[in-house]
Structure formats: structure tokens, C-alpha cells
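# A look at the structure
Single-letter residue listing:
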2 protein chains.
Amino acid sequence: MRNSNREWVFAQRPEGEPDMDSFELRESDVPEPRHGELLVRVRYLSVDPYMRGRMRDAESYAEPWAVGETMAGAVVGEVVESKGDAYEAGDLVTGNGTWADYSVLDADSVAPVDPSVADPPASLGVLGMPGRTAYFGLLEVGDPNPGDTVVVSGAAGAVGSVVGQIAKLSGCRVVGFAGTDEKVAWLTDDLGFDAAINYKAVDDYRAALDDAAPDGVDVYFDNVGGPITDAVFTKLNLDARVAVCGQIAHYNDEGVPTGPRKLPQLIPVRATVQGLLVQDFATRFEGATEQLGEWVASGAIRHRETVVDGLDNAPEAFLGLFSGDNIGKQVVAVADSTN
Amino acid sequence: MRNSNREWVFAQRPEGEPDMDSFELRESDVPEPRHGELLVRVRYLSVDPYMRGRMRDAESYAEPWAVGETMAGAVVGEVVESKGDAYEAGDLVTGNGTWADYSVLDADSVAPVDPSVADPPASLGVLGMPGRTAYFGLLEVGDPNPGDTVVVSGAAGAVGSVVGQIAKLSGCRVVGFAGTDEKVAWLTDDLGFDAAINYKAVDDYRAALDDAAPDGVDVYFDNVGGPITDAVFTKLNLDARVAVCGQIAHYNDEGVPTGPRKLPQLIPVRATVQGLLVQDFATRFEGATEQLGEWVASGAIRHRETVVDGLDNAPEAFLGLFSGDNIGKQVVAVADSTN
């Protein structure tokens, strides 16, 4: 065990697109777990688009980070010291930690990681918050019926890739938007999407949807916003459902972004648009994770993680989310094993 | 009975704000009812904002009017000749007719008008489609709970004035937006709204809402769109519901109007926004009209009609909807009695 710890601190609120100036790596002491806590050696840490919201000094569902605070997020770690009843040193767990070599986790809110189901990074993706977001967002808010056309933006991301596959399991036609030919190929060739659109290679999203979703759109799972969403709204069918999960195109906007007004479009089709936050389904997380684990174990749902090596590179991994560097879930490998 | 009929014909598709060029009054023969139809002398006809949509050559929930077609809409009329089993000459009925002296109605889809409950024009307002829109839109889409704050735009209109009063009956705090001091006074002094905002006299809608809705907005019933709606969206509470009933601010727009993007605002509060069309509740119309009739008879719900005299003036009455000339329901008195 190292004697000292390194942790990334939130150094400065960004204006517009964040850059390295928002982050500072600090040396610190390895923290001491208190009663009910676990000290873990961080193996993998998660970087997620929602974290951009916590960088704003504005009230929202997640408390804003204070400048000087350690960057927080989901981690997979190996217990090195347990002051919680259910775990002991050597256990692999996942929970809310920090961007650090060593992190202290609340023993009551961690979950065990079973490498026999999937490699540990999957616990930050398909078997973690992104997978559960896809599960509840699609099934509860999107409410897909067999034969429906489901469109997903950010389809090759951690959430979107799972959304599309659950939609296929639900008997739907599935169309994804993604930003590279490699992503598009992954969606259609490996994940079973019926169609995928490389939005960076297409000028007219509406025309692309006319081809890919000829019967219109019954469910739209939106991770992105912006012009993709504008086009999808013109294709909504009667009683369509829109799950607004993310709006990554707007996270770096300063001020309120503008675009085509969508409320007038909702009346003729009586569409329902709902903001989605996975925490609202917290009481049902266990069942969802179990179902997702079964699908992953059986191969019914495939997953992919983009792994950046080294705690040093955590900010770059985060920043890369906004340029679409990741396929599937973006994680940072902090340590291969306890050392 | 007159020997000839006059009817308003849809003469020309408007671009932007419609004017008199869209209408032409024609002399015609008094129509002959066929089996299952009623010939009525039109007493009152209804002009409604949704009719602007039918003037567009675009697929929507209501079929576009063809140029040359007689203007259609709800009427109250007195039966002069019945070829339907349930009615006879002299009966007062309401149903879908035309902007004309005489109109033929489908006997199966008309309803009797009972002047002992309310004056006949109320059958085109609180006891007609606008009242039912308010009833189902608020109770089913808005889903108000006691203690909720309900905000209504177009609050002094045919729908909004009923929405606010049902919200009061539901135990809510009710705030209305309207466009004149007279309307505001009607809402607060006569209809029991807790607050009303004259949006033409106020610069900062958000600040006005901070005062009028200090606990935020749980239900927003939107008849208007535009900057009022933009302000209300910044005040939505957790799990807020938005019923999008009308967007009159945009009905005369050519092309797609733009404004602040609202989807990013939905995520933190997990708000639900739903387009509303009263026809979706058609199987429950009878019960709603009965309940509204009881409320009106008991004085629990008040209503007002703005009556323009003479078939000649029907287009002006319609055009006045877009400048807010009406308080409560706008109707046109075509004839006082059969003659």
C-alpha cells in the first residue's frame, strides 16, 4: 500500500467548454475509514457527462461542486481496510468514490463486483448507473411496445448502447444516432440496431430519419439535444414518448440555448416528454442490476468500455466525452491491482 | 323561415396573421337534411383558436380546410326540420355545424341545450368543447394535488378561465396570465384566482411569477406559448406537469418559431410535458359535461361569453381571438330565434 494518495481536485469553474484548468492533481494522505466505511484502492473510476452539471454554480439535482473539492464519481475498488460489516480486505466493490488512488466508500451503499459476470469496468457501465438509466428510462418512461420505432441519440454511449439493445429485446425497430462510422458499425453489426446514422457525415437529419424510421418515431430516448433532437421531434407519432435523459450538446452552453420551439409540435400528436433521472428508481435498482447481469451473462446485451490508463489522464477522459472519444462506457484504469 | 341561406366560405389560405381576405360570404340555398340529419337555424356559432390550424395546408389532427369550403365549427341552433329520431322542430341543440344562417347537423352527434342550466352560448364554452378541454386537460394531464400551484396562460379565455376554477376546486393555488386589467380583475375578483398577471403591463414575467408563485409551479396549463411559457418553465417544481393545450402565440407564425430550449430544463425537475387534445377523451364527454353543468348550476364555476352580433361579423370575431378581444368564450349571435 502506498503511503501517500493522489487526488484530482476541482480547481476552477469552467465557462463554456471545460479544459485542464478545471482540474488539479494534489498529493494527500491516504484517508482513514471511519465506522461503516471502506478504504479502497481505486481500480477504475467513471467519468460521466452529468458531471459537467456539477461544475456549475447552480442549484440542480446534484449539488454543485465547491472549488477545491475532490472530484467525485463512481469507482470500482478493492477493499484494503474495512470498517463495514459486510466486506473485508480484498473484496472488489463499486460505489461512490473519488478520482484518487485511494478512496473511502460508504459500506452501506456499495455493491459487490462479480468478475465472473463481466469484467470489473462493466460495473461502471452496463451494470452500473448508465445501464440502470437505460433500463428504467426506456422501459418506464419510453414504455416501448413491440413494433414501435425507438430512436436513440448518443446511441454508442454508455446509456444509449444499452437502451437500443433493450429496445430490440422489447421487439422494437431501433435507430441510433452516433458520431463515427466505427460507432455506426458497432451499433448495426454487433448490437443489432436496425439502422444507425453517422450525424457527422449527414447534413439532413430529417431525410436520414425518413429512410431509417419510415413509420415515424414512437419512442425517442434523448441523450444529446440540439439539431438531432430537433429532427426527431418532427417525426413523432401519435402518443409518442420522449425520455429526456441527457442533453450533452448543451452542457457547455453559457446562457440558455435556443432552438426550434417544440411545444407546438406536441399537440397534434399528443406526445409526452419527460425528464429522466435514474435516482427516482433507486428502490428498484437491485432488480434492474440483476436483470442486466442476466442479459450480459447470456450475451443478450453486449457492452464495451473505452479504458484510458492512469489516474493522471482522468481529466482528458472526462473532456473526451464532449468530443465523443468514447465507444460505450468511458472509464479510467487507476490501478490493475492493489499495490 | 328564410328562403335563402348565407354562409361564410374559406376563401384563401392566410400567410401569417389572417385577415378578411380569408373569408367570403356567399348566398346559397337552405340545405336539405337527409336521413339522420337536422336542419337548424343557427342561433350562436363558435370561433376558436384551433381553427387557425385548419387554415394551413398541413396534415394535423383536424383536416385542413379546402379553399372554397364552408367554415365549420360548433353551433347552437334551433331545429327547423328533423330527420333524426330523437329531435323535433323547436328543439335547441348543439353540435358541429357551419358559419351560416342554416346548417345541417348529424343528429347522432348533437346534444340538447338546456337553457335552465345556463344561457345557450354557454354550450359553446364552459359546457362545450372548451369546458371539456379544461376539465380533462387539467384533471387528467395536469393531475393537480391540493396545495399545488397551478399556472394558466390565456387564463381569461374560454378554456383557461375554467381550468383555473377547477384548479381552485381541487385545492390549488392558482395564478393566471391575461392581457388586460379588466381580465385580471375578472380572474381575481370574480373567479377566485389567487393571483393574475397582466402580461402586457409587465416586463419581467419571471419576476412576476416569483411574486405570484413563490413556491414554484407544479402544474402549468399552457394555452399560449411564447415568452410567458419560457418564464414558467424556469419555475417548474420537481415532478411538475405541463399540459400543452394551445400555443396561440405561434399559430400565425410562418416557419418554425424559435425560443429557449426547454428539454435541458426538464431533467433536473423530471417534469412531464404532454400535448393535449380533448377528442382523446371522447368516451367520457358525457360525464364531464354533466359535472361541469352541476358546477355551473351551483355557481361553483362562473362563465362569461363575449358575444358579437350578426353572422356578418363572424370573421372579425375569429380574428379578434388573436388580439385577445374576448373575455371568456367568444361566440357570434346569428339569430335570436327562428325567423
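Residues numbered from 1 in each chain as written. Chains lettered and ligands numbered in written order. Predicted model: local features only at pLDDT ≥ 70, side-chain atom pairs only at ≥ 80, totals over all residues. Heavy atoms only, no water.

Looking now at the domain arrangement of chain A. Residue and element names in this part refer to chain A. What the domain assignment reports for chain A is domain 1 (4-125 + 303-333) and domain 2 (129-279). For domain 1 versus domain 2, the distance between C-alpha centres works out to 28 Å. Taking both partners together, domain 1 and domain 2 bury about 1600 Å²; carbon and sulfur atoms supply 56% of that area. Run the count over domain 1 and domain 2 and you get 1 salt bridge. One salt bridge connects Glu182 with Arg304, and the closest N-O pair in it is separated by 3.2 Å. Remark: the boundary between domain 1 and domain 2 carries 9 residue pairs in polar contact (both at pLDDT 80 or more). (Domains from an automatic or database assignment. Buried area = accessible area lost by both parts, 1.4 Å probe. Salt bridge = Lys/Arg side-chain N within 4 Å of Asp/Glu carboxyl O. Polar contact = N/O pair within 3.5 Å; in protein donor to acceptor, adjacent residues only side chain to side chain.)

A separate point is the sheet that holds strand 14 (residues 272-275) of chain B. Across the sheet, which stays open at both edges, the 12 strands sit in the order 10(A)-9(A)-8(A)-11(A)-12(A)-14(A)-14(B)-12(B)-11(B)-8(B)-9(B)-10(B) with mixed pairing between neighbours. Edge strands, defined here as strands with exactly one partner in the open sheet, are strand 10 (195-198) of chain A together with strand 10 (195-198) of chain B. Each neighbouring strand pair of the sheet contributes to a mean axis angle of 15 degrees, computed without reference to strand direction. When strand 9 (residues 173-178) of chain B meets strand 10 of chain B, the two strands line up parallel, connected through 4 bridges. Opposite Ala178 of chain B, over in strand 10 of chain B, you have Asn198 of chain B as the bridge partner. (Pairing = 2+ DSSP bridges. Helix = DSSP H or I, 4+ residues; strand = E, 2+ residues; numbered from the N terminus. Axes fitted to C-alpha atoms, helices over the stretch in contact; angles between N-to-C directions.)

The next subject is the relation of the copies chain B and chain A. Superposing chain B onto chain A takes a rotation of 180 degrees plus a shift of 0.0 Å along the axis, which leaves an RMSD of 0.0 Å. This pairing of chains is accounted for by a two-fold axis. Taking C-alpha positions as the reference, the residue of chain B nearest the rotation axis is Val273 of chain B, at 2.5 Å. Taken together, the interface assignments show that 100% of the residues at the interface of chain B recur at the interface of chain A, consistent with an identical surface on both copies. (Least-squares fit on C-alpha atoms with pLDDT ≥ 70 in both. Contact = heavy atoms within 4.5 Å.)

Under the local residue numbering, the UniProt record ascribes the feature "domain: Enoyl reductase (ER)" (unreviewed entry) to residues 18-332 of chain A. Counting secondary structure, residues 18-332 of chain A comes out at 26% helix and 28% strand; the distance between its end C-alpha atoms is 18 Å. (UniProt positions renumbered as here; feature names shortened; annotations may be inferred.)

Once that is clear, we can look at the packing of helix 5 (residues 205-212) of chain A against helix 6 (residues 226-233) of chain A. Two packed helices can be described by the angle between their axes and the distance between those axes. All names here are of chain A. Between helix 5 and helix 6, the shortest axis-to-axis distance is 9 Å and the interhelical angle comes to 50 degrees. Considering the angle they form, helix 5 stands oblique to helix 6. Crossing hand, helix 5 versus helix 6: right-handed. Residues Tyr205, Arg206 and Leu209 of helix 5 pack against Pro227, Ile228, Ala231 and Val232 of helix 6. Grouping the constituent residues of the contact of helix 5 with helix 6 by class yields 6 nonpolar, no polar and 1 charged. (Parallel < 35°, antiparallel > 145°, perpendicular 65-115°, else oblique. Left-handed = near helix turned anticlockwise from the far one by under 90°. Nonpolar A, V, L, I, M, F, W, Y, C, P; charged D, E, K, R; others polar.)

Moving on to the packing of aromatic side chains. Considering all chains together, one arrives at 22 aromatic pairs over all chains under this definition. Ring centres of Phe23 of chain B and Phe318 of chain B lie 6.1 Å apart, and the angle between their planes is 70 degrees; this geometry places the pair in the edge-to-face category. On the criterion of sequence distance, the pair formed by Phe23 of chain B in strand 2 (residues 23-29) and Phe318 of chain B in helix 9 (residues 314-320) is long-range, its members being 295 residues apart. Taking the relative accessible area as the measure of exposure, Phe318 of chain B reaches 0% and is therefore buried. Look at Tyr135 of chain B and Phe136 of chain B: their rings are 5.1 Å apart centre to centre, the planes differ by 85 degrees, and that puts the pair in the edge-to-face class. For Arg132 of chain A, the ring lying beneath its charged end belongs to Phe285 of chain A, and the centroid distance is 4.7 Å. (Phe/Tyr/Trp six-rings, centres within 6.5 Å; stacked < 30°, edge-to-face > 60°. Buried < 20%, exposed > 50% of the residue type's maximum accessible area, 1.4 Å probe, protein only. Lys NZ or Arg CZ within 6 Å of the ring centre and 35° of its normal.)

So, on to the interface of chain B and chain A. Reports often express the size of an interface as the amount of accessible area lost when the parts come together. Counting residues at the interface gives 34 residues for chain B, matched by 34 residues for chain A. Between chain B and chain A the total buried area reaches about 2800 Å² when both faces are included, carbon and sulfur atoms providing 62% of it. One salt bridge connects Arg270 of chain A with Asp280 of chain B, and the closest N-O pair in it is separated by 2.7 Å. The interface formed by chain B and chain A contains 12 residue pairs in polar contact (both at pLDDT 80 or more). Among the secondary structure elements, those contributing two or more residues to the side of chain B that touches chain A are helix 6 (226-233), strand 13 (258-260), helix 7 (263-269) and strand 14 of chain B. Class assignment for the residues of the side of chain B that touches chain A results in 17 nonpolar, 11 polar and 6 charged. One ladder, built from 3 bridges, connects strand 13 (residues 258-260) of chain A with strand 13 of chain B; its direction is antiparallel. Bridge pairing links Pro260 of chain A to Thr258 of chain B in strand 13 of chain B.

If you walk through the whole model with that rule in mind, you get 32 salt bridges over all chains. The shortest N-O distance in the salt bridge between Asp48 of chain A and Lys329 of chain A comes to 3.0 Å. Linking Asp48 of chain A in the loop between strand 3 (37-46) and helix 1 (51-54) with Lys329 of chain A in strand 16 (residues 329-333), this pair joins segments that are 281 residues apart in sequence. The buried category is assigned to Lys329 of chain A, whose relative accessible area is 3%. For Arg261 of chain A, the salt bridge identified is with Asp230 of chain B, shortest N-O distance 2.9 Å. A residue pair is termed interchain when its members come from two chains, as with Arg261 of chain A in the loop between strand 13 and helix 7 (263-269) and Asp230 of chain B in helix 6. By relative accessible area, Arg261 of chain A is classed as buried at 11%. A cluster of three or more residues bridged by salt bridges with shared partners is formed by Arg6, Arg41, Asp101 and Asp312 of chain A.

Another point: the packing of helix 2 (residues 129-142) of chain B against helix 8 (residues 285-298) of chain B. Residue and element names in this part refer to chain B. Between helix 2 and helix 8, the shortest axis-to-axis distance is 10 Å and the interhelical angle comes to 100 degrees. Here helix 2 lies roughly perpendicular to helix 8, going by the angle between them. The segment helix 2 lies against helix 8, with Gly131, Arg132, Tyr135 and Phe136 engaging Phe285, Ala288, Thr289, Gln291, Leu292 and Trp295. Tallied by class, the residues present in the contact of helix 2 with helix 8 amount to 6 nonpolar, 3 polar and 1 charged.

Here we come to empty space enclosed by the protein. By the definition in use, this model includes 4 cavities of 30 Å³ or more. Approximately 120 Å³ is the volume attributed to the largest cavity. Along the walls of the largest cavity sit Thr229, Gln247, Pro260, Arg261, Lys262 and Leu263 of chain A together with Thr229, Gln247, Pro260, Arg261, Lys262 and Leu263 of chain B, which together make up its complete lining. Roughly 60 Å³ of volume is contained in the second largest cavity. Looking at the second largest cavity, the residues that line it are Gly125, Val126, Ala158, Ser161, Val162, Arg302, His303, Arg304, Glu305, Gly328 and Lys329 of chain B. Grouping the constituent residues of the lining of the second largest cavity by class yields 3 nonpolar, 4 polar and 4 charged. Both domains that meet at the lining of the second largest cavity, namely domain 1 (4-125 + 303-333) and domain 2 (129-279) of chain B, each give it at least three residues. (1 Å grid on protein atoms, 1.4 Å probe; cavity = no way out; pocket = protein on both sides within 12 Å on 5 of 7 lines; lining within 4 Å. Points joined across faces, edges and corners; volume = space filled by probe spheres on them.)

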